[in-house]
Structures are given as structure tokens and as C-alpha cells.
Amino acid sequence: MFCDHCYRDAGDKISEELSTAEARKMIREIERAGFKIMIFSGGEPVMRSDIYDLGRYATELGLRAVLGTNGTLITREVAGRLKESGFMAAGVSLDSLNPEKNNAFRKLDDAFNLTVQGMKNLREAGLPFQIHTTVMDWNVKELEAITDFAVEIGAMAHHIFFLVPTGRGVNIEEEALRVVEYEKTISRLLEKQREVDIEIKPTCAPQFMRTADKKGIPMRFSRGCLAGISYCIISPRGDVQPCAYLNIPLGNVCEKPFDEIWRESRVLQELRTMEYKGKCGVCDYKTKCGGCRARAYYYSNGDYMAEDSWCLYQPQGVGKR
């Protein structure tokens, strides 16, 4: 696969990927830093032959091991091995119910059928899964239908990812939703939440917290943007960055223990101050939303503390004399 939106710009195996021993050391440091959940993602994580060993090791240390996958390689055997290794859940990517559109986006013939079969194999193995959809201008009208499909196939949730231009995603930035449609889509998804029992979560769209509050829709989440506060990512080479879409290297776990990077990074410390600029800094939803730090970084040409210009909300007092 060679997905248009891939933040990792994944392809062939890169040089200097973490070895199994380095990955196990990293997992120990993640647990030591106080994290509770570890998401094994990619590229495609099941292409690593040691994924079962790493999932088992994380589970033994008390972490909740979950998988982010495109689903195409989840055979019955793979699903069973993941379950036996201690994985607790999987997020499976599906971007359209139209096989041709989905396959074109993912650059793989039969991707749709393989992914759907992967979901069925996870269900049969007793491994809970949710569907992940990247919303673009060409699939925005079918989001509710994908939610209905998620209910039908037995998914526990439907998480909708809003494009942040990074990796190969910068090449399709013009296909991302624009501000007004962005806000309308968040509102639509939360209205759909009233109709279904599974969880719907807009992701990389922290304004959903404000919209849910205004609509009186209860959410289990405490905050929109978690980058650098209770979430970060580590690249296949071991580079730590605040989130998948905020491509700022903070240190490498092969050179410095992860828990020290997490504790001492200047960038992370600044993100945790929540001293944002512009209207994000004075917004009454600052602690619940926080604005998308990665989107602020991209559209301000490099300031991760800038206001998130994709937000239409005018905080109390802003724009008044």
C-alpha cells in the first residue's frame, strides 16, 4: 500500500528501525513514564515479525496494547495470534464504502475486501476493533453510512480523522475540508452520535469538545488535543515527537531514555503550559479543546503555540472593544 495521506510516508522497510531489544527497552521506559496505553501503529505494524512478542511484553508490563492497522493482513491466524499476545483492541482503517474509491486512496487493488475480511477475522477471534476513517472532500458525505457499516459489522467505535498536512498528506492538502465544512462535519458527526450506541470520535479536530458541550452530548474524553500532554509518538527509528502530525523531533530513544525525553523536553514543557497565542490563548474552551497544535504549526509556518485558525468559535470578549 502507498496511502495518499500517510503521515509516516511509509514504504519499504527503512534503515535503522528499532530492533526487538531496542523496542523492548523503549516499552519499559514508556511504562516507567507512567503511560497506560501503547498503540502499535505504522506503516503497517503486523509486517514486523516481532509484533506479537512486543505486544506480549507490553501487556506483561501492565500496558494496554492496541493496534493501528490497515487490516489487509489480518488473516484468521494473525487475528488469533494478536489476541493470544495480549492485544486488547485494534483500529482498522476504512475510508469509503465504495471499493474503487477506497482502493484508489490506498493504492492497493482489493484493499476494501481484504480490510473488511480483516475486521471479520478480528471479530471471530474476539478482539474488539473500531473503524478509522480519514475524512476528505470526496468522502465527507458518506461518513454516517460508514458509521452504520461499523455498527453492522460489530465495531465498537468509529473514529474520524481530519487531515493534518504532514508526510504524504501535504500533497493532498487541497482535498482537506475547509473551515466552514470542517465545523459542519464535526456537528454532523455528533448528531449521528445521538442515533447509535457505538462511540463516534472526531480526531485531530479538538473543537468537537466545544461542539459536544454546546449540544449537551456527553463525551468520555477530557480534552481535545493531547499532543505532548498525555500523548506522543515514537517513529520506527526511535524519534520522539509530540504527535503524529507535529513533526518536531524531541530526542531519540536509542540515545536517551524515553521517560527522560518525556519529562525534560522543552517543547513538551511549553505545550503543557497551554499558553497559546491568539484566540486559543483566551478561549473559554482552552483546557477542554486546546486547538489542534499540529494544524496551528502547519498554517503558521512553524509556531506550535499559535492559534488554530480552523476554528470558527469566537471566545467571549474577542473582537469586542
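Each chain carries its own residue numbering, running from 1 in the written order of its sequence. It should be noted that, the model being predicted, local features are given only for residues of pLDDT at least 70 and side-chain atom pairs only at 80 or more, the latter also being counted only at that level, while totals for whole chains, interfaces and linings use all residues. Hydrogens and water molecules were not included; the side-chain quantities draw on all heavy atoms of the structure.

**As for the overall build of the protein**
Logical step 1: When you go through the protein residue by residue, the secondary structure sums to 12 helices and 9 strands.
Logical step 2: Whether a residue is buried, partly exposed or exposed follows from its accessible area with a 1.4 Å probe, protein chains only, as a fraction of its type maximum: under 20%, in between, or over 50%, in that order. Split into buried and exposed, the 321 residues of the protein put 54% on the buried side.
Logical step 3: Any two residues whose heavy atoms approach within 4.5 Å are treated as being in contact. Within the protein, counting contacts between residues at least 6 apart in sequence, those at least 24 apart form 69% of the total.
Logical step 4: Each accessible area is a Shrake-Rupley result for a 1.4 Å probe, and residues are judged covered by the shown protein chains and nothing else. On the protein, roughly 14900 Å² of surface is accessible, and the fraction owed to carbon and sulfur atoms is 50%. Secondary structure follows DSSP: runs of H or I at least 4 residues long count as helices, runs of E at least 2 residues long count as strands, and numbering of each begins at the N terminus.

**Focus: the nonpolar core**
Logical step 1: For this analysis, a nonpolar core means a set of buried residues of the types Ala, Val, Leu, Ile, Met, Phe, Trp, Tyr and Cys, connected via side-chain atoms within 4.5 Å. By size, the foremost hydrophobic cluster in this structure holds 84 residues, and its most contacted members are Ile 27, Phe 40, Leu 67 and Ile 131.
Logical step 2: When near neighbours in sequence (up to four residues on either side) are disregarded, Ile 27 contacts Met 38, Phe 40, Leu 54, Tyr 57, Ala 58, Leu 61 and Leu 63.
Logical step 3: The next biggest cluster of nonpolar side chains, apart from the first, holds 5 residues, and it includes Cys 283, Cys 289, Cys 311 and Tyr 313.

**Things to note about the environment of Leu 94**
Logical step 1: Relative to the assigned elements, Leu 94 resides in the loop between strand E3 (89-93) and helix H4 (99-106).
Logical step 2: Leu 94 sits 39 residues away from Thr 133 along the chain, and the two C-alpha atoms are 5.4 Å apart.

**A word on unusual backbone geometry**
Logical step 1: Cis geometry is found at the peptide bond from Gly 42 to Gly 43, where omega equals 5°.
Logical step 2: Phi is positive for Met 274, close to 60°, though the residue is something other than glycine.
Logical step 3: Summarising the element assignment, Met 274 is placed in the loop between helix H10 (266-273) and helix H11 (278-282).
Logical step 4: Judged by relative accessible area, which is 19%, Met 274 ranks as buried.

**Some words on the environment of Gly 281**
Logical step 1: For Gly 281, the position within the fold is in helix H11.
Logical step 2: Sequence separation of Gly 281 and Met 305 is 24 residues, and the distance between their C-alpha atoms is 8.9 Å.
Logical step 3: For Gly 281, the contacting residues outside a window of four places in its chain are Tyr 276 and Lys 286.

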